[in-house]
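Fold and contact review
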Amino acid sequence: AGQLYKDVAVSKNKKAKQRLWDRGYRQCHWCQKPLCKETATVDHLIARADGGITTDGNIVISCQKCNGERASFANLKQMYLTLSKRLEKLEARML
């Protein structure tokens with residue numbers, strides 16, 4: 001089931017990238033770097049991990065570097081939240 005979901009997500013992103021490309025979006029939304037279609041990526045403004053979906057209002061074209069940096073930041077944010085919750089539980093036990 002996991003691979004099927006992944007295949008559907010990839011298919012949706014390809015179609016979304018084509019729609020954005022056809023509308024003239026050909027530079028990274030974040031750094032404004034000109035892109036070629038092969039290296040452009042679809043970036044979700046609200047990450048899928050945070051409940052964002054692949055709709056025209058929630059996606060932009062970005063370079064691989066900016067998309068990767070945003071993903072790294074989202075991972076760090078999630079780790080921080082997880083560690084904060086664990087710390088709260090530990091502090092509550094100590095009282």
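Here we come to the pairing of strand β2 (residues 59-62). Here β2 shows no split at all, with Ile59 and Ile61 on one side and Val60 and Ser62 on the other all buried. The sheet contact formed by strand β1 (residues 41-44) and β2 spans four bridges and is antiparallel. The partner of histidine 44 across the bridge, within β2, is isoleucine 59.

The next subject is unusual backbone geometry. Although it is not a glycine, glutamine 32 adopts a positive phi angle of roughly 70 degrees. Relative to the elements of secondary structure, glutamine 32 occurs in the loop between α1 (2-22) and β1. Here glutamine 32 falls in the partly exposed class, since its relative accessible area comes to 41%.

Rules behind the numbers
- Residues numbered from 1 in each chain as written.
- Predicted model: local features only at pLDDT ≥ 70, side-chain atom pairs only at ≥ 80, totals over all residues.
- Heavy atoms only, no water.
- Buried < 20%, exposed > 50% of the residue type's maximum accessible area, 1.4 Å probe, protein only.
- Helix = DSSP H or I, 4+ residues; strand = E, 2+ residues; numbered from the N terminus.
- Pairing = 2+ DSSP bridges.

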